[in-house]
Amino acid sequence: MSLADQIRKSREQWVTAQGKEFLLRRPTKLQIATMGLGQDGKPWVEIAFACTVDWKVLESDLIPGGGGRVAPFDSDAFREYASDQPELLVELSNNVHRMIETFDAKREEVSKN
């Protein structure tokens with residue numbers, strides 16, 4: 001695993017939302033600024049699409065008659081699935097927001113010392 005991959009992995013966290021597991025990656029400060037999150041009324045739910053990088057969701061959760069095995073993650077499939085579930089998007093975006101706040105609080109604490 002490259003150093004860049006290790007850095008990205010350090011920003012990841014598994015969360016449970018709507019009874020299913022999703023891997024979220026906290027965006028960098030540059031990504032937050034570039035996406036304009038939290039500015040000009042841009043919805044925070046967009047962050048759920050950008051920051052969800054894996055899932056543990058069964059095929060049967062995604063499509064009628066789907067199998068009982070975990071579906072491989074695909075960002076396009078995630079967007080299709082989550083677009084019909086606004087509660088899921090809100091929950092995921094709230095988790096990302098908490099990840100950002102926790103990171104900021106830790107950085108502030110370190111800078112005080």
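See the structure above.
Keep in mind that what you see is a predicted model, and the values were worked out from it rather than measured.

Participant: Which residues make up the overall build of the protein, and what are the values?
Facilitator: In terms of helices and strands, the protein carries 6 helices and 3 strands. When the helices and strands of the protein are listed from N to C terminus, the series reads α-β-β-α-α-β-α-α-α. Dimensions of the protein along its principal axes, counting C-alpha atoms only, are 55 × 35 × 20 Å. Look at the contacts in the protein between residues 6 or more apart in sequence, and 55% of them connect residues 24 or more apart. Working note: accessible area of the protein is about 7200 Å², and carbon and sulfur atoms make up 50% of it. One way to put it: in the protein the 15 positive side-chain charges average out to a point 7 Å from where the 18 negative ones average out.

Participant: I'd like to hear about a negative patch on the surface, residue by residue, with values.
Facilitator: A cluster of like negative charges, contributed by Asp 74, Asp 76, Glu 80 and Asp 84, occupies part of the molecular surface. Tracing the backbone shows Asp 74 in the loop between helix H4 (59–62) and helix H5 (75–83). Among the residues examined, Asp 74 registers a relative accessible area of 38% and is labelled partly exposed.

Participant: Please give an account of the pattern of salt bridges that cites residues and values.
Facilitator: The tally for this structure, following the rule as stated, stands at 7 salt bridges. A salt bridge links Glu 12 to Arg 25; the shortest N-O distance between them is 2.5 Å. Here Glu 12, found in strand E1 (residues 12–17), pairs with Arg 25, found in strand E2 (residues 20–25); they are 13 residues apart in sequence, far enough to count as distant. Looking at Arg 25, the relative accessible area reads 23%, which means it is partly exposed. With a shortest N-O distance of 2.4 Å, Asp 104 and Lys 29 are connected by a salt bridge. With Asp 104 in helix H6 (residues 86–112) and Lys 29 in helix H2 (residues 29–35), this residue pair connects regions lying 75 residues apart in the sequence. You can call Lys 29 partly exposed: its relative accessible area is 39%.

Participant: Can you explain the environment of Trp 44? Please cite residues and give values.
Facilitator: Its place among the elements puts Trp 44 in the loop between H2 and helix H3 (45–51). Taking relative accessible area as the criterion, Trp 44 reaches 28% and is therefore assigned partly exposed. In the structure, Trp 44 is positioned 10 residues away from Thr 34 in sequence and 14 Å away in space, judged by C-alpha atoms.

Participant: Explain the pairing of E2 to me, and be specific about the residues and the numbers.
Facilitator: Bridge analysis of E1 against E2 gives 6 bridges, and the strand direction is antiparallel. Within the sheet, the bridge partner assigned to Gln 13 lies in E2 and is Leu 24. Sheet topology note: the E2/strand E3 (residues 52–56) ladder contains 4 bridges and is antiparallel. Each residue of the ladder has a partner; that of Leu 24, found in E3, is Thr 52.

The rules behind these values
- Residues numbered from 1 in each chain as written.
- Predicted model: local features only at pLDDT ≥ 70, side-chain atom pairs only at ≥ 80, totals over all residues.
- Heavy atoms only, no water.
- Helix = DSSP H or I, 4+ residues; strand = E, 2+ residues; numbered from the N terminus.
- Contact = heavy atoms within 4.5 Å.
- Areas by Shrake-Rupley, 256 points an atom, 1.4 Å probe, with all protein chains shown as cover.
- Lys, Arg positive; Asp, Glu negative; His and termini not counted.
- Charge placed at Lys NZ, Arg CZ, Asp CG, Glu CD.
- Patch = residues over 30% accessible without salt bridge, like charges linked within 9 Å, V, L, I, M, F, W, Y side chains within 5 Å.
- Salt bridge = Lys/Arg side-chain N within 4 Å of Asp/Glu carboxyl O.
- Buried < 20%, exposed > 50% of the residue type's maximum accessible area, 1.4 Å probe, protein only.
- Pairing = 2+ DSSP bridges.

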